[in-house]
Amino acid sequence: MSSPETSSPALLPMGFVDLLPQEAEAEARGIAKVMAVFGRHGYERVRPPLLEFESSLLSGAGEALSEQSFRMLDPSSHRMMALRPDMTTQIARIAEVRLKDLPRPLRLSYSGDCVVIGTPGREGERQIAQAGIELIGPDSAQADAEVIALGAEALQAMGIEHISFDLSMPVLVWTLIDESFAGTVRDNLIHALDRRDAAAVAEQGGELADLFLGMMNAAGPAERALELLDTLTFPERLKGHVARLKETVRAVLRRVPEVHVTVDPIDFRGWRYHTGVCMTVFALHCREELGRGGRYRAGAEDACGLTLHPQALLRVAPPLSKTLRCMVPAGLSKKDLSSLHEAGYATVAALDDEADLKESARHLRCSHIWQDGVAVAL
């Protein structure tokens, strides 16, 4: 006898959901708005595959994706393949191999689904839609600011107001941890920093405890954060990263002064392939993360990118207006159909000479009916 788990056609694996007509339409229209913004600024669209060989997808910077990747055996080549949990490293591969002869800076955009394993106990969604940009070639605060400015414009195109970018430099924290701590102390310190537990950081941080606590205290609005960073003494090898964080903050404030900018020097979340300034996107009226990006190495090149999460954007954006549906008789002329489509209607055609077109329109959830040469509201 089949168990309910194997017999129910509605059962889906944890973290996977169906998007029904209105949800799928909203996602498609939202992605189209975002991608249109990127295209207007010269970012050319590419589409990497959902699956790649494990040896290429998870090599180099892709090693940081290994623990989040589903794997399967290719029945043709008998080689292991991996489903992408993130698209950034794929864009880096395309730039390095397929587009190596194009002039730099190289501006690329993308959209598609990714599949992630998730963190044990906090799996959440496993199939995640992404839409983003990568600016490959230049290593400058102005390039960082361009990526952030376009992200802000994309959110504004969705009707999202009060946008906030939280800037960080994870390499600061990771360098201090990797060079000075090991074993259980290292693990405890990472846990304490992640939880913002000042007492535990003071206990586990050793000679660097004061620096970690100072970085933690500096988190907040950009101008205040920069002032507090100036009071901290960083190792000589990290001073260039601190200066770059400050330079990027000022470039962003000049480029998009209407956007709220914060700095969190202690934030080290995200993929370990990031090598410089990172950014996380929020709307001030919502705690959900809307996107994330940062600076990394695309093969032998510098790059900066931003990935937005369309489903998260839709949860904070004003609801998109519903498409009006107009019931039309069978055989309506192409001219009349075109006029309805240009006016924004979706047309639902009768499949035969139905006697009661109005009743059919109500049955098929139409808002209008074609009558005497015009769309009439029901």
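Residues numbered from 1 in each chain as written. Predicted model: local features only at pLDDT ≥ 70, side-chain atom pairs only at ≥ 80, totals over all residues. Heavy atoms only, no water.

A. Quick look at the side chain of D74. Relative to the helices and strands, D74 is located in the loop between β3 (71-73) and β4 (80-83). We note that D74 is buried and unpaired, the nearest opposite charge coming from R79 at a distance of 7.1 Å. Beyond its immediate sequence surroundings of up to four residues, D74 is in contact with F53, R79 and M81. (Helix = DSSP H or I, 4+ residues; strand = E, 2+ residues; numbered from the N terminus. Buried < 20%, exposed > 50% of the residue type's maximum accessible area, 1.4 Å probe, protein only. Lys, Arg positive; Asp, Glu negative; His and termini not counted. Salt bridge = Lys/Arg side-chain N within 4 Å of Asp/Glu carboxyl O. Contact = heavy atoms within 4.5 Å.)

B. Geometry of the sheet that holds strand β8 (residues 220-221). Reading across the sheet, the nine strands line up as β1-β5-β6-β12-β11-β10-β7-β9-β8 and stay open at both edges, with mixed pairing between neighbours. The open sheet terminates on both sides in strands that have one partner only, identified here as β1 (44-45) and β8. (Pairing = 2+ DSSP bridges.)

C. View of the side chain of R292. Along the polypeptide, R292 turns up in strand β11 (residues 286-298). Only 2.8 Å separates the side chain of R292 from the side chain of E289, close enough to count as a polar contact. (Polar contact = N/O pair within 3.5 Å; in protein donor to acceptor, adjacent residues only side chain to side chain.)

D. Local environment of the sheet that holds strand β14 (residues 345-349). Pairing is mixed in the open sheet, where four strands are placed in the order β14-β13-β15-β16. Unpaired on one side and paired on the other, β14 and β16 (374-377) mark the two borders of the sheet. Within this sheet the neighbouring strands show an average axis-to-axis angle of 35 degrees, counted without direction. Alignment of strand β13 (residues 324-328) against β14, held across five bridges, turns out to be parallel. Among the inter-strand pairings, M327 is bridged to a residue of β14, identified as V348. Relative to the sheet, helix α13 (residues 334-342) contacts β13, β14, β15 (368-371) and β16, its axis offset from that of β14 by approximately 140 degrees. (Axes fitted to C-alpha atoms, helices over the stretch in contact; angles between N-to-C directions.)

E. Representation of the pattern of salt bridges in the model. Here the structure, examined in full by the defined rule, presents 18 salt bridges. Taking the shortest distance from any N to any O, the salt bridge between D139 and R244 comes out at 2.8 Å. With D139 in the loop between β6 (127-137) and α5 (141-157) and R244 in helix α11 (residues 239-255), this pair connects stretches of sequence that are 105 residues apart. With a shortest N-O distance of 2.5 Å, E179 and R237 are connected by a salt bridge.

F. Region of interest: the packing of aromatic side chains. Applying the stated rule across the entire model yields two aromatic pairs. Seen from their ring centres, W174 and F268 are 5.2 Å apart, and the 90 degrees between their planes marks the pair as edge-to-face. With W174 in helix α6 (residues 170-180) and F268 in the loop between β9 (260-263) and β10 (274-283), this residue pair connects regions lying 94 residues apart in the sequence. We classify W174 as buried; its relative accessible area is 15%. Judged by centre distance (6.3 Å) and plane angle (45 degrees), the ring pair of F181 and F212 falls under tilted. Residue F181 is located in the loop between α6 and α7 (183-195), and its partner F212 is located in helix α9 (residues 209-218); the two are separated by 31 residues in the primary sequence. Neither F181 nor F212 differs from the other in exposure class; each is buried. Taking the ring centre of F53 as reference, the NZ or CZ of R79 above it sits at 3.8 Å. (Phe/Tyr/Trp six-rings, centres within 6.5 Å; stacked < 30°, edge-to-face > 60°. Lys NZ or Arg CZ within 6 Å of the ring centre and 35° of its normal.)

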